[in-house]
Amino acid sequence: MYANLDQPNLSPRTTGWENAAMTTSTGRLTALQASWLFDGTGSALISDPVVLIEGSTIRGVSSGGSPPRGATVIDLSGATLLPGLVDTHVHLAFDTSADAVGNLARRQDGEVADAMKCAGRDALRGGVTTVRDLGDRGYLSLGLRGQAGLPTIIAAGPPITTPAGHCHYLGGTAEPTVEGVVIAVREHAARGVDVIKIMASGGSLTPGSRQDLAQFPAEVLRAAVDEAHRLGLPVTAHAHAVGAIADAVAAGVDGMEHVSFWTADGVDAPAGLIRLIADRQIAVGATVGMRPVPGRTPPPEVAARLPAIMANTRRLHQAGALMVAGTDAGIAPVKPHDAVRYAPAMLVQLGYGQAEALRTITSVAAGVCGLAHRKGRVAPGFDADVLAVDGDPIADPDALHRVRAVYARGTPVPADPPVTGS
Ligand SMILES: [Zn+2]
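Residues numbered from 1 in each chain as written. Predicted model: local features only at pLDDT ≥ 70, side-chain atom pairs only at ≥ 80, totals over all residues. Heavy atoms only, no water.

A closer look at the overall build of the chain
- Secondary structure summary: the chain contains 10 helices and 16 strands in total.
- Here the C-alpha atoms of the chain give a radius of gyration of 21 Å, agreeing with the 22 Å that 2.2 N^0.38 yields for 422 residues.
- Seen along its three principal axes, the alpha-carbon backbone of the chain occupies a region of about 65 × 45 × 45 Å.
- The buried share of the chain, reckoned over its 422 residues, is 57%. (Helix = DSSP H or I, 4+ residues; strand = E, 2+ residues; numbered from the N terminus. Rg over C-alpha atoms; globule rule 2.2 N^0.38 Å. Buried < 20%, exposed > 50% of the residue type's maximum accessible area, 1.4 Å probe, protein only.)

Focus: the coordination of the zinc ion
- Protein-derived coordination of the zinc ion comes from His89 (NE2), His91 (NE2) and Asp328 (OD), at a distance range of 2.0 to 2.1 Å.
- Read from N- to C-terminus, the donor residues coordinating the zinc ion fall into the pattern H-x1-H-x236-D. In this pair, His89 sits in strand β6 (residues 85-90) while Asp328 sits in the loop between β13 (323-325) and α9 (343-349), placing the two residues 239 residues apart along the sequence.
- The exposure class of His89 is buried, given its relative accessible area of 1%. (Donors = N, O, S within 2.8 Å, 3.2 Å for Na, K, Ca; no water.)

A look at the sheet that holds β6
- Ordered in space as β6-β7-β8, the three strands form an open sheet in which the pairing is parallel. On the outer flanks of this sheet lie β6 and β8 (152-155), each paired with one strand and no other. Adjacent strand axes in the sheet meet at a mean angle of 15° when their direction is disregarded.
- Two elements, strand β7 (residues 128-133) and β8, share four bridges in a ladder whose sense is parallel. Paired with Val131 across the bridge in β8 is Ile153.
- Across the face of the sheet, helix α10 (residues 354-368) comes into contact with β6 and β7 while running at roughly 50° to β6. (Pairing = 2+ DSSP bridges. Axes fitted to C-alpha atoms, helices over the stretch in contact; angles between N-to-C directions. Contact = heavy atoms within 4.5 Å.)

Side note on the packing of helix α7 (residues 271-279) against helix α8 (residues 300-318)
- Where α7 contacts α8, the axes come no closer than 9 Å and their chain directions differ by 50°. One element, α7, and the other, α8, form an angle in the oblique class. Every pair of crossing elements has a handedness; the one defined by α7 and α8 is right-handed. Counted together, Ala271, Ile274 and Ile277 of α7 and Asn312, Arg315 and Leu316 of α8 form the full contact between these two elements.
- Among the residues making up the contact of α7 with α8, the classes are represented as four nonpolar, one polar and one charged. (Parallel < 35°, antiparallel > 145°, perpendicular 65-115°, else oblique. Left-handed = near helix turned anticlockwise from the far one by under 90°. Nonpolar A, V, L, I, M, F, W, Y, C, P; charged D, E, K, R; others polar.)

Some remarks on the sheet that holds strand β12 (residues 283-286)
- Ordered in space as β9-β10-β11-β12-β13, the five strands form an open sheet in which the pairing is parallel. The open sheet has two free edges, formed respectively by β9 (196-199) and β13, since each of these has just one partner strand. Between one strand axis and the next, the sheet turns through 30° on average, direction left out of account.
- The strands that α7 touches are β11 (255-262) and β12; relative to β11, the one it contacts most, it runs at about 165°.

Section: the pattern of salt bridges
- With the rule as written, the count across this model stands at 19 salt bridges.
- A salt bridge links Asp95 to Arg107, with the nearest nitrogen and oxygen atoms 3.1 Å apart. With Asp95 in the loop between β6 and α2 (100-106) and Arg107 in the loop between α2 and α3 (109-125), the pair connects residues that are 12 residues apart, well separated along the chain.
- Ionic pairing is found between Arg191 and Glu187, a salt bridge with its closest N-O pair at 3.9 Å. Taken as a pair, Arg191 and Glu187 lie in helix α4 (residues 178-191) at a separation of four residues, close to a single helical turn.
- The class for Glu187 is partly exposed, based on a relative accessible area of 40%.
- A cluster of three or more residues bridged by salt bridges with shared partners is formed by Arg374, Lys375, Asp383 and Asp385. (Salt bridge = Lys/Arg side-chain N within 4 Å of Asp/Glu carboxyl O.)

Description of the nonpolar core
- Counting 91 residues, the largest nonpolar core has Ile245, Met256, Phe261, Ile277 and Leu316 as the members making the most contacts within it.
- Aside from chain neighbours lying at most four places away, what touches Leu316 is Val259, Phe261, Ile274, Ile277, Val284, Ala321 and Met323.
- With 17 residues, the next largest nonpolar core counts Leu37, Ile53, Val378 and Ala384 among its residues. (Core = buried A, V, L, I, M, F, W, Y, C linked by side-chain atoms within 4.5 Å.)

Brief notes about α10
- For α10, built from 15 residues, the straight-helix expectation of 21 Å at 1.5 Å per residue is met to within 8% by its first-to-last C-alpha distance of 20 Å.
- Along α10, the largest kink reaches about 50° and is centred on Thr360.
- Turning to α10, its buried residues are Ala355, Ala357, Leu358, Thr360, Ile361, Thr362, Ser363, Ala365, Ala366 and Val368.
- Contacts made by the buried residues of α10 are with β5 (72-83), β6, β7, β12, β13 and α9.
- One or two residues past the end of α10 sits Gly370, with phi positive at roughly 80°. (Expected span 1.5 Å × (residues − 1). Bend = angle between axes of the 7 residues up to and from the residue.)

What about the side chain of Asp87?
- Among the structural elements, Asp87 can be located in strand β6.
- Lys335 provides the closest opposite charge to the buried, salt-bridge-free Asp87, at an N-O distance of 7.7 Å.
- In contact with Asp87, not counting residues within four places along its chain, are Val128, Thr130, Val131, Arg132, Ala325, Gly326, Thr327, Ala329 and Val340. (Lys, Arg positive; Asp, Glu negative; His and termini not counted.)

Side note on α3
- When the terminal C-alpha atoms of α3 are compared, their 24 Å separation across 17 residues agrees well with the 24 Å that a helix rising 1.5 Å per residue should span.
- Turning to α3, its buried residues are Val112, Ala113, Met116, Ala119, Gly120, Ala123, Leu124 and Arg125.
- On the buried face of α3, the contacting elements are α2, β7 and β15 (403-408).

Some details on the packing of helix α5 (residues 218-230) against helix α6 (residues 242-251)
- With their axes 9 Å apart at the nearest point, α5 and α6 run at an angle of 45° to one another. The angle between α5 and α6 falls in the class oblique. Crossing of α5 over α6 shows right-handed handedness. Counting all contacts with α5, which are made through Ala218, Leu221, Arg222 and Val225, the residues of α6 involved are Asp247, Ala248, Ala250 and Ala251.

In structure tokens, the structure reads:
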């Protein structure tokens, strides 16, 4: 059974082979031979795939064929191949401990950079080959981009926030004025960030900040977005408070994180706002994906609101909103750096189809990161980011925890130390 028969790049027969055969003599071809393939965009598995890798790129994908002569064949029988996973919201600088904020504060920049590399390797071992870091300190994530042995990193640098506002300790503070945020956006652009992250509301990681209130006046938020767009940068806004969500939508953001519709005493998601988010196809980073840790329960203010937040996430999905799993990896023990592996099980509970949940953490997430042309699909011309898991990840989301092999830009990821979770 084949998915995507209508897709020119993924016919069930061999694609890209002719080209590949010409380079066989170089000895750089690797053929991954497995039992099944989820290609990142389909709704069913493709049987008996051979994925041909040359250097860091996928050269061909076939079903039912044999690897070309001269290729190094990697036997992954029994396994399903799928695109390396994409997490649209991580913090490599947070160490997944119960005091991630305190530990970061106690570390010098050099130690933080080392910890971030460890975090990146943890993500890779769990099959997460692309991460969007939506908040570091001192722009440290920018220096990790392109390094071998780490995921592909899309970097925001320190989030733009108000003095004493949410995550102010990461160093991205700006005066809450038009001039203040324009200066901050320009500095981020000059440093070379890939995306602007702005804290439109407060958040629970920062005592004293108000999760139920907007941090910036609406016209200031709009000025930040306008300046980012003028400089060619997309913007995603951390937005819990209903007012902050409404302001971010009005300001023309490209994406929003959390979108919990948080109020002082509960949760309130106006139907008109949900409609607007869906109609404008603003990317919603739902904070799903959580490793079960015995004895760890959400704080009471979150637990009390969780059923309503989940119901509203379901409403957004039903309204046709563009949604991804932005896990917030790193911030707590339940949020390991490969947390996005846990997202599909939760998305299915929220009404997603099982293949749709997998598309959400592969091709859809790649698109939200601006990488639709080279990430999130197993297809010729795409980066050779491939995850092999035992079993059928469409029928059984837990298969994502049975990692057999990971390739990042064509390079096998060492399995040692052992993969965490399961
Ligand atoms: Zn975050």
